[in-house]
Amino acid sequence: MLVRFQFENYRSFRDVSILSMEAKGNAEYKSCLLPYKKKGLLPAAALFGKNGGGKSNVIRAFWFGVQFIRNAQKTQHEKAEVPVCAFALNDYSEQDPTGFEYEYIQDGVKYIYGFSATKKEIKKEYLYAAPKGQKSEIFSREGQVFSFPVNGEKKMKEMIAEAVAPNQLFFSIACVMNYRPCILAMNWFREYVHFSKDYTDIPRQLLEHAEDVNLLKSIVTYAKQADVGIEEMSFEIKNEEISAYDSMPGNLPEGMVMALKQFAAALKDSSESAEFNLKVGEVKTSSMHRGVNKAGEEELFPLELSDESDGTRRLMSLAPGIEQVLQQGGVLMVDEIDRELHPLLAEFIISQFQSPETNPGRAQIIFTTHDTELLNMEILRKDQVYFVDKNKKSGVSELFNLTELPVRTNDNIRKAYLVGKYGAVPDVDTVEVE
């Protein structure tokens, strides 16, 4: 479970910004909270804001940090730049480090991991664990000066440090060299963090993704539940029919694994080439829709997936991540959850995380949205609502929680937001129609 994410000097965010999943003590809807200390953790957080305000950069910052941690041993050869993207709207932030910190719980242990870097080198890095509530250092680093607690593992960590280049993460290299405390902490990043899309900061071919053995099953389940007219679906990979209702074996041939990864990527693609990529991909999909034949009888007729609506394909692209985290736990980061989806479907997805009955894995979802219908305190708690706004003069984005504002219990949050009481809305003149 994610407790807190902190970042600074990344894209439109110059200053330290914190996305906390710790409940603030609100009285409403305590039943949705995930157990953690006295107040609990939030199962969902929504980010609202105007276009260009920077809310997608919160998701992107989380994505970049996770992907760099997962893949630093592959991306960072000797002369490779660290692909950070510092705040660009002044003449000094590019020289300052970009920083990321994750506080999370994995297998009952709380970890705090963070690093900061310029394009040239890693400036700072650290990992702490608190298995019994008392924080203890696993390693820390200032440039190429490493610090380790004095114990039986110190010599091994010193040996690992000798293999870590200035542009590499000790955390990633330690996992490659089978240092168990780092492997245990890395498991959360590798297996329990999922994204609705990838970005271009790191080349796609270098990214590492956890395999989902229930990929096809979750697509069919959500397609049926969403009332989009799909009665059943069938799948073929390399001319071999695959059952959507059986978990895919772990020993699938490499060609099939690659075909499924390309299929999942094509589903997530919202560009004009999406339909073409689905047509030419090696995974052939048919969805069965109810119709009426010439004799006037109801019958099921097939459609190719490329013929389905953008909204239907969007739901299918989200379904595997949703189901995986709901069942096994983890965090799902979704940029524009309402894109191409009916508002009731977006609300349905959020409700899956808010209910303990449908969220046995204690999963969390963090999403950006423009759907102000979700600013309904019957859907979300006040502490689950974040706003992102950009300073017009400096171009700096700011992330803040609704509970930081003077909000009364009986306030209409949606109406107050739309009239600009909380900021984070576009300043435009609307022409009245007479």
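As shown above, the structure is provided for reference.
Residues numbered from 1 in each chain as written. Predicted model: local features only at pLDDT ≥ 70, side-chain atom pairs only at ≥ 80, totals over all residues. Heavy atoms only, no water.

With respect to the overall build of the protein
Selection rule: Strands here are runs of E lasting at least two residues and helices are runs of H or I lasting at least four, both read from the DSSP assignment and numbered beginning at the N terminus. Only the C-alpha atoms count toward the radius of gyration. The rule for a globule is 2.2 Å times the residue count to the power 0.38. Accessible area is worked out with a 1.4 Å probe on protein chains only. A residue is then buried under 20% of its type maximum, exposed over 50%, and partly exposed in between. What makes two residues a contact is simply this: any of their non-hydrogen atoms within 4.5 Å.
Scanning the protein from terminus to terminus reveals ten helices and 17 strands. For the protein, whose C-alpha radius of gyration is 23 Å, the value lies close to the compact-globule estimate of 22 Å for 434 residues. Over its C-alpha atoms, taken along the principal directions, the protein stretches across nearly 80 × 60 × 45 Å. Put simply, the protein has 434 residues, and 51% of those count as buried. Taking all contacts inside the protein whose residues are at least 6 apart in sequence as the whole, residues at least 24 apart take part in 62%.

As for unusual backbone geometry
The phi dihedral of Arg11 is positive, around 50 degrees, even though this residue is not glycine. Turning to its location among the elements, Arg11 is positioned in the loop between β1 (2-8) and β2 (17-20). A positive phi angle, near 50 degrees, is found at Lys37, a position not held by glycine. Take Lys37: it is sitting in the loop between β2 and β3 (44-48).

Re the pattern of salt bridges
Where charged atoms of side chains with opposite charge meet at close range, the side chains can pair. Stated precisely, the cut-off is as follows: Salt bridges are counted wherever a side-chain nitrogen of Lys or Arg sits within 4 Å of a carboxyl oxygen of Asp or Glu.
Taken as a whole and assessed by the stated rule, the structure comprises 17 salt bridges. Close ionic contact of Glu103 with Lys110 constitutes a salt bridge, the shortest N to O distance being 3.2 Å. Between Arg339 and Glu340 there is a salt bridge whose closest N-O contact spans 3.2 Å. For Arg339, a relative accessible area of 22% translates into the label partly exposed. Classification of Glu340 as partly exposed rests on a relative accessible area of 38%. Residues participating in the shared-partner salt-bridge network are Arg4, Glu101, Glu103 and Lys110.

Focus: the side chain of Ser116
Here Ser116 shows up in strand β5 (residues 109-117). Leave out the neighbours within four places in its chain, and Ser116 touches Pro97, Thr98, Gly99, Ile122, Lys123 and Lys124.

Considerations on the sheet that holds strand β12 (residues 283-292)
We apply this condition: DSSP calls a pair of strands paired once it identifies at least 2 bridges connecting them. Angles here are taken between N-to-C directions and fall from 0 to 180 degrees, while the axes themselves are lines fitted to C-alpha atoms, restricted in helices to the stretch in contact.
Read from one edge to the other, the open sheet built from four strands follows the order β11-β10-β12-β13, with strand pairing classed as antiparallel. Both outer strands of the open sheet, β11 (240-242) and β13 (298-304), are each paired with one neighbouring strand and no more. On average, each strand axis in the sheet is inclined to that of its neighbour by 35 degrees, with strand direction left out of account. For β12 and β13, the ladder comprises seven bridges, and the chain directions are antiparallel.

A few points about the sheet that holds strand β17 (residues 397-401)
Within the open sheet, the six strands sit side by side as β9-β14-β15-β3-β16-β17. Their pairing is mixed. Across the chains shown, the open sheet's two edge strands, defined by having one partner strand only, are β9 (193-195) and β17. Across the sheet, the mean angle separating the axes of adjacent strands is 20 degrees when strand polarity is ignored. Bridge count for β3 against strand β15 (residues 364-369) is five bridges, and the pairing is parallel. Bridging from a neighbouring strand, Leu47 pairs with Thr368 of β15.

Concerning the pairing of β15
Counting buried positions along β15 gives six out of six residues, so the element sits mostly inside the fold. On β15, burial covers both faces: Gln364, Ile366 and Thr368 on one face and Ile365, Phe367 and Thr369 on the other are all buried.

What about the packing of aromatic side chains?
Our working rule: Under the pairing criterion, centres of Phe, Tyr and Trp rings, with the six-membered ring standing for Trp, must be within 6.5 Å; the plane angle then separates stacked pairs below 30 degrees from edge-to-face pairs above 60, leaving the rest tilted. Here, a charge over a ring means that NZ of Lys or CZ of Arg falls within 6 Å of the ring centre while also lying within 35 degrees of the ring normal.
If you walk through the whole model with that rule in mind, you get 34 aromatic pairs. An angle of 15 degrees between the planes, with centres 5.1 Å apart, marks the rings of Phe387 and Tyr417 as stacked. Of this pair, Phe387 sits in strand β16 (residues 385-390) while Tyr417 sits in helix α10 (residues 413-418), and the two are 30 residues apart along the sequence. For the residue pair Phe387 and Tyr417, the accessibility class agrees, reading buried in each case. Sitting over the face of the ring of Tyr128, Lys135 holds its NZ or CZ atom 4.6 Å from the ring centroid.

With respect to the environment of Asn71
The topology assignment puts Asn71 in helix α1 (residues 55-75). For the pair Asn71 and Arg190, spaced 119 residues apart in sequence, the C-alpha separation works out to 9.8 Å.

Quick look at the environment of Asp335
Note on placement: Asp335 falls in the loop between β14 (331-334) and α9 (343-354). Accessibility expressed as a relative area gives 7% for Asp335, which makes it buried. With near-sequence residues (within four places) excluded, Asp335 lies in contact with Ser56, Ser196, Lys197, Tyr199, Arg314 and Thr368.

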